[in-house]
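Structure at a glance
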Amino acid sequence: GFFTFNLDTLLVSTLLAGFLIWIAIKLNKELKSGGVPSGLQNVIELVIEFVETQIRDTFLCKPSPLVGPVAFSIFAWVFLMNSMDFFPVDLMPKLMNFIGFTHFKSVPTTDPYTTFALAGSVFLLTLFYNLKIKGLRYFKHSLIHPFGKWFMPFNIFMTIVEELAKPLALALRLFGNMFAGELVFLLIALLPWWISWIPGSIWAIFHILVVTLQAFIFMMLTIM
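Everything in this summary refers to the structure shown in the same document. (Residues numbered from 1 in each chain as written. Predicted model: local features only at pLDDT ≥ 70, side-chain atom pairs only at ≥ 80, totals over all residues. Heavy atoms only, no water.)

1. Here we look at the packing of helix H3 (residues 67-83) against helix H8 (residues 193-223)
Direction vectors running N to C along H3 and H8 enclose 155 degrees, while the axes themselves pass 8 Å from each other. When the axes of H3 and H8 are compared, the pair comes out roughly antiparallel. Relative to H8, H3 is oriented so that their crossing is right-handed. The residues of H8 that touch H3, namely those facing Val70, Ala71, Ile74, Phe75, Val78, Phe79, Asn82 and Ser83, are Val211, Thr212, Gln214, Ala215, Phe216, Phe218, Met219, Thr222 and Ile223. Partitioned by chemical class, the residues of the contact of H3 with H8 number 12 nonpolar, five polar and no charged. (Axes fitted to C-alpha atoms, helices over the stretch in contact; angles between N-to-C directions. Helix = DSSP H or I, 4+ residues; strand = E, 2+ residues; numbered from the N terminus. Parallel < 35°, antiparallel > 145°, perpendicular 65-115°, else oblique. Left-handed = near helix turned anticlockwise from the far one by under 90°. Contact = heavy atoms within 4.5 Å. Nonpolar A, V, L, I, M, F, W, Y, C, P; charged D, E, K, R; others polar.)

2. Structural notes on the layout of surface pockets
Here the largest pocket is characterised by a volume of approximately 1,100 Å³. Lining the largest pocket are 38 residues, and of these Thr126, Asn130, Thr222, Ile223 and Met224 lie nearest its centre. Split by residue class, the lining of the largest pocket holds 24 nonpolar, eight polar and six charged. Approximately 590 Å³ is the volume found for the second largest pocket. What lines the second largest pocket is a set of 24 residues, among which Leu20, Ile23, Ile44, Phe72 and Ala76 lie closest to the centre. Within the residue set of the lining of the second largest pocket, elements represented by two or more residues are helix H1 (7-33), helix H2 (39-58) and H3. (1 Å grid on protein atoms, 1.4 Å probe; cavity = no way out; pocket = protein on both sides within 12 Å on 5 of 7 lines; lining within 4 Å. Points joined across faces, edges and corners; volume = space filled by probe spheres on them.)

3. Observations regarding the pattern of salt bridges
Scanning the entire structure with this criterion turns up three salt bridges. Between Lys26 and Glu30 there is a salt bridge, with its nearest N and O atoms 2.9 Å apart. Pair noted here: Lys26 and Glu30 are both in helix H1, with a separation of four residues, about one helical turn. Here Lys26 falls in the partly exposed class, since its relative accessible area comes to 30%. Put simply, Glu163 and Lys166 hold a salt bridge, and the shortest N to O gap is 3.4 Å. Note that Glu163 and Lys166 are positioned in helix H7 (residues 152-189) at a spacing of three residues, about one turn of the helix. On the basis of relative accessibility, which here comes to 47%, the residue Lys166 falls in the partly exposed class. (Salt bridge = Lys/Arg side-chain N within 4 Å of Asp/Glu carboxyl O. Buried < 20%, exposed > 50% of the residue type's maximum accessible area, 1.4 Å probe, protein only.)

4. Details of a nonpolar patch on the surface
Residues Phe147, Trp150, Phe151, Phe154, Phe157, Met158 and Val161 make up a contiguous nonpolar surface patch of roughly 800 Å² in combined accessible area. By secondary structure assignment, the location of Trp150 is in the loop between helix H6 (137-144) and H7. (Patch = residues over 30% accessible without salt bridge, like charges linked within 9 Å, V, L, I, M, F, W, Y side chains within 5 Å. Areas by Shrake-Rupley, 256 points an atom, 1.4 Å probe, with all protein chains shown as cover.)

5. Brief notes about the packing of aromatic side chains
Scanning all chains against the criterion turns up eight aromatic pairs. Look at Phe101 and Phe104: their rings are 5.9 Å apart centre to centre, the planes differ by 85 degrees, and that puts the pair in the edge-to-face class. Given a relative accessible area of 26%, Phe101 falls into the partly exposed group. Residue class for Phe104 comes out buried when judged on its relative accessible area of 6%. With a centroid separation of 6.4 Å and 70 degrees between ring planes, the pair formed by Phe185 and Trp203 is classed as edge-to-face. Pair noted here: Phe185 is in helix H7 and Trp203 is in helix H8, with a separation of 18 residues, a long-range link. In textbook terms, an aromatic cluster arises when at least three aromatic residues are bridged by ring pairs, as seen for Phe185, Trp203 and Phe206. (Phe/Tyr/Trp six-rings, centres within 6.5 Å; stacked < 30°, edge-to-face > 60°.)

6. Structural notes on the nonpolar core
One finds Leu16, Ile55, Ala71, Val78, Phe218, Met219 and Ile223 to be the most contacted residues of the largest nonpolar core, which totals 29 residues. Taken together, the elements giving at least two residues each to this core come down to H1, H2, H3, helix H4 (91-97), helix H5 (112-134), H7 and H8. Take this core: its biggest share by element is seven residues, from H3. (Core = buried A, V, L, I, M, F, W, Y, C linked by side-chain atoms within 4.5 Å.)

7. Some remarks on empty space enclosed by the protein
On inspection of all chains with the given rule, the structure shows one cavity of 30 Å³ or more. Estimates place the volume of the largest cavity at around 30 Å³. Taken together, Leu170, Arg173, Leu174, Gln214, Ile217, Phe218 and Leu221 make up the full set of residues lining the largest cavity. Of all the elements in the fold, those that place two or more residues in the lining of the largest cavity are H7 and H8. Partitioned by chemical class, the residues of the lining of the largest cavity number five nonpolar, one polar and one charged.

Quick look at the structure:
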C-alpha cells in the first residue's frame, strides 16, 4: 500500500546519507587544520566547483545561497544511491537473507518511493521560495497565463497540470533509467556463467556513464 515502509530503501539511503555527513565532518576538520589537501578534498572541491559553474550558467541573477548546497547534496546522494548498482545484483539480497531479510533491493533509486520523495522535496522547496520571493504575484501569474484573464479557470487548470508534471517527470526519469539498468543486469545474470561476463562487462562500463549522468540530470533539473 501507499503507506508501506520499504526498510531496504530506508536502510541503504540512510547509511549513504550518513556516509556523506561523515565525509563532510572529516573534510571540515582537514580544512580547519590547514594541512596539505587530501585526494578526497581535491575531488570534493572539483565537484563543488562544477556544481557552482552550473548554477552560475543557469541563473541570470544571484541565486539563493541554499541552491548550491541543495544541488551538491542531491548530486552526491543520488550518485551514491545509483552506484549501489555496481555491486552484483544477487550479492546483497543473499547476504541479507542470512539475517532474515527475504527481500532486499540494494539500489534505493530503483524504488519509486525514493525518487518521488526527492522530486517532491524539490517541488515543495520551489513552491515555498516562489511564494516567499514573488508573494501574491505568483498566483496572479497563474491566473492570467497562458490565455489571458478571460480564460482564468482554464489557466488555473493548465498551471496545476504543468506544476505537477515537473516533479512527476523528475521522479519517473530517474526511477525508469535505474530500474531498467538493474533489469538488464538481472537478465544478463540469467545467462550461463561462461558467456554472461561478456555482456555483463560491457553493460557495467556503460552503466558507469548512466549512473553519473542520471545524478547530473537530476541535479540540473533541480537547479532549473
